[in-house]
Amino acid sequence: MRRLTVATKIIVSVLLTLIVACGWAWRDFQNALHAPAVAGNPVIIEISKGDSFNQITGKLQAQNVNFKPFWFKFMAVREKAFKKLKTGEYELAPGLTLPEILALFVQGKTKQYAITFPEGWNFKEILQEVENNPNIEHTLQKAEGALAGLFCPPFSILCNPEGLFFPDTYFFEKHTSDIALLRRAYDKMQLVLKDEWGQKAEALPFKTPYEALILASIIEKETGVVAERPQIAGVFIRRLQTGMLLQTDPTVIYGMGENYQGNIGYKDLKTATPYNTYVNSGLPPTPIAMPGRDAIYAALHPDNSKTRYFVGRGDGTHEFSATLKDHNIAVDNFQRKKK
């Protein structure tokens, strides 16, 4: 009887120990499920190709993420996540729990960076912005000589990428290649141009969407006032239709390249370059900048007035005239008298 009592006590003691241990484990697991693993500042962690689960765990520990590796592995086993973790750079916000961190890795919700190409920038400025971004993988130098071929404009005899990238803000993961990023901007410009071309006004002097893009780039550089763009477009359209020279300064500046130092002289207006619309009739051979959607729309929907001239008022807006006489008066009022 005494032996049975002792055995019973042992069994009861073991059971109580197991119950306490299970209770502790359950409470610890619940804490691992619901307690914030990230406190204070956001944590940046990068999962590289070939990283094992233990290596990922080590990277989290190195960043002082508050968790127990056993429970992290247990959750991964339960969710069958070992082979589902996506590579990339992740930003772990304060307050994230361990299951939320695991879900980020499985869903591949990597940290996103942004780069902006403003309207009116030229291709050289775009390349400089891309080159200066430390989060982009720079491969263009390796593709030296092939860049023009990668972004050769449709309908153009010149393989010049100028103007073919849509101005916008683009979000990307770390290590995205420069070519992949430029391809996105290029593809978006093609989509916008195709969409706008399909809704263009009638009787325009354009044979191809590319010609409309060229004029849109000039409009973009001539004015930042959206409401004026159809008027600017109308002036240039009527000049093209009647054989008048476009005589637009931004094309001269573009043709001058590095020689432009902030001012255009009489000599510059008479110096022949492919882009000097004071000496060459028609459109220049390529765009001179990246036009936005408003400028593209204006090029394809010009106003139907009779104006053929415009001059800056000095405040960012322009005075439009239908005759050369009225234009000369406007020039006197807004330019010569001020000088």
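Since the model is a prediction, treat every value here as computed from it, not as a measurement.

What counts and what doesn't
- Residues numbered from 1 in each chain as written.
- Predicted model: local features only at pLDDT ≥ 70, side-chain atom pairs only at ≥ 80, totals over all residues.
- Heavy atoms only, no water.
- Phe/Tyr/Trp six-rings, centres within 6.5 Å; stacked < 30°, edge-to-face > 60°.
- Buried < 20%, exposed > 50% of the residue type's maximum accessible area, 1.4 Å probe, protein only.
- Helix = DSSP H or I, 4+ residues; strand = E, 2+ residues; numbered from the N terminus.
- Lys NZ or Arg CZ within 6 Å of the ring centre and 35° of its normal.
- Core = buried A, V, L, I, M, F, W, Y, C linked by side-chain atoms within 4.5 Å.
- Contact = heavy atoms within 4.5 Å.
- Salt bridge = Lys/Arg side-chain N within 4 Å of Asp/Glu carboxyl O.
- pLDDT = per-residue confidence, 0-100.
- Axes fitted to C-alpha atoms, helices over the stretch in contact; angles between N-to-C directions.
- Parallel < 35°, antiparallel > 145°, perpendicular 65-115°, else oblique.
- Left-handed = near helix turned anticlockwise from the far one by under 90°.
- Nonpolar A, V, L, I, M, F, W, Y, C, P; charged D, E, K, R; others polar.
- Polar contact = N/O pair within 3.5 Å; in protein donor to acceptor, adjacent residues only side chain to side chain.

In total, this model carries 13 aromatic pairs according to the counting rule given. With 5.6 Å between their ring centres and 75° between their planes, Phe67 and Phe72 make a pair best called edge-to-face. On the basis of relative accessibility, which here comes to 0%, the residue Phe72 falls in the buried class. Ring geometry for Tyr90 and Phe105: centres 4.9 Å apart, planes at 65°, overall edge-to-face. One end of the pair, Tyr90, is in strand E2 (residues 88–92); the other, Phe105, is in helix H4 (residues 98–107), with 15 residues separating them in the sequence. Tyr90 gets classed as buried once you look at its relative accessible area, which sits at 0%. Among the aromatic residues, those joined into a ring-pair cluster are Phe53, Phe67, Phe72 and Phe82. A cation sits over an aromatic face here: Lys111 above Tyr113, 5.0 Å from the ring centre. Note that Lys200 overlies the ring of Trp197, its terminal NZ or CZ placed 4.3 Å from the centroid.

Once that is clear, we can look at the nonpolar core. Here is a general trend for soluble globular proteins: nonpolar side chains tend to be buried in one another's company. Counting 48 residues, the largest nonpolar core has Ile115, Phe117, Ile126, Phe165, Phe206 and Ile296 as the members making the most contacts within it. Listing elements by their share of this core, those giving two or more residues are strand E3 (112–116), helix H5 (123–132), strand E5 (169–173), helix H7 (178–197), helix H8 (209–222), helix H9 (229–242) and helix H12 (293–300). In this structure Phe117 touches Ile126, Val130, Phe166, Pro167, Asp168, Tyr170, Ala185 and Met290, once residues within four positions along its chain are discounted. Core analysis: the next-biggest nonpolar cluster, separate from the first, contains 25 residues, Ile45, Met75, Ala76 and Ala81 among them.

This model, assessed by the stated rule, comprises 12 salt bridges. We note a salt bridge from Glu89 to Lys174, for which the minimum N-O separation is 3.6 Å. Here Lys174 lies in the loop between E5 and strand E6 (176–177) and Glu89 lies in strand E2, a separation of 85 residues in the sequence. Judged by relative accessible area, which is 8%, Glu89 ranks as buried.

Before going further, it helps to spend a moment on the confidence of the model for the chain. Confidence in the prediction for the chain averages 88 pLDDT; 84% of positions are at 70 or higher. Considering each helix and strand of the chain separately, the mean pLDDT is smallest for helix H6 (residues 147–150), with a value of 61, and largest for H12, with 98.

Think of two packed helices as two axes; the pair is described by the angle between the axes and how far apart they sit. Remark: H9 packs on H12, axes separated minimally by 8 Å, with the N-to-C direction vectors making an angle of 45°. Between H9 and H12, the crossing angle belongs to the class labelled oblique. In the packing of H9 onto H12, the handedness of the crossing is right-handed. Here H9 contributes Arg229, Pro230, Ala233 and Ile237 to the contact with H12, which in turn contributes Asp294, Ala295, Ala298 and Ala299. Here the residues of the contact of H9 with H12 sort into six nonpolar, no polar and two charged.

As a further point, take the packing of H8 against H9. Relative orientation of the contacting elements H8 and H9 amounts to 130°, with a least axis distance of 10 Å. As the angle between them shows, H8 and H9 are arranged oblique. Regarding H8 and H9, the two cross each other, and that crossing is right-handed. Counting all contacts with H8, which are made through Leu215, Ile218, Ile219, Glu220 and Glu222, the residues of H9 involved are Arg229, Ile232, Ala233, Phe236 and Ile237.

Right, let's talk about the environment of Thr317 for a bit. Positionally, Thr317 belongs in the loop between strand E7 (309–312) and strand E8 (318–321). For the pair formed by Thr317 and Glu228, sequence separation is 89 residues and the distance between their alpha carbons is 7.7 Å. Those residues in contact with Thr317, other than ones at most four positions away along the chain, are Val225, Glu228, Val311 and Gly312. At 2.6 Å, the side chain of Thr317 forms a polar contact with the side chain of Asp315.

On to the side chain of Arg238, then. Mapped onto the elements of the fold, Arg238 is located in helix H9. Assessed through its relative accessible area of 11%, Arg238 is described here as buried. Within the structure, the side chain of Arg238 is placed 2.7 Å from the backbone oxygen of Thr307, a separation counted as a polar contact. Aside from chain neighbours lying at most four places away, what touches Arg238 is Gln231, Asp303, Asn304, Ser305, Lys306, Thr307 and Arg308.

Below, the discussion takes up the environment of Lys306. Here Lys306 lies in the loop between H12 and E7. Given the relative accessible area of 68%, Lys306 is considered exposed. Note: C-alpha distance between Lys306 and Thr323 (17 residues apart in sequence) is 8.7 Å. Apart from the residues within four sequence positions on either side, Lys306 is in contact with Arg238 and Ala322.

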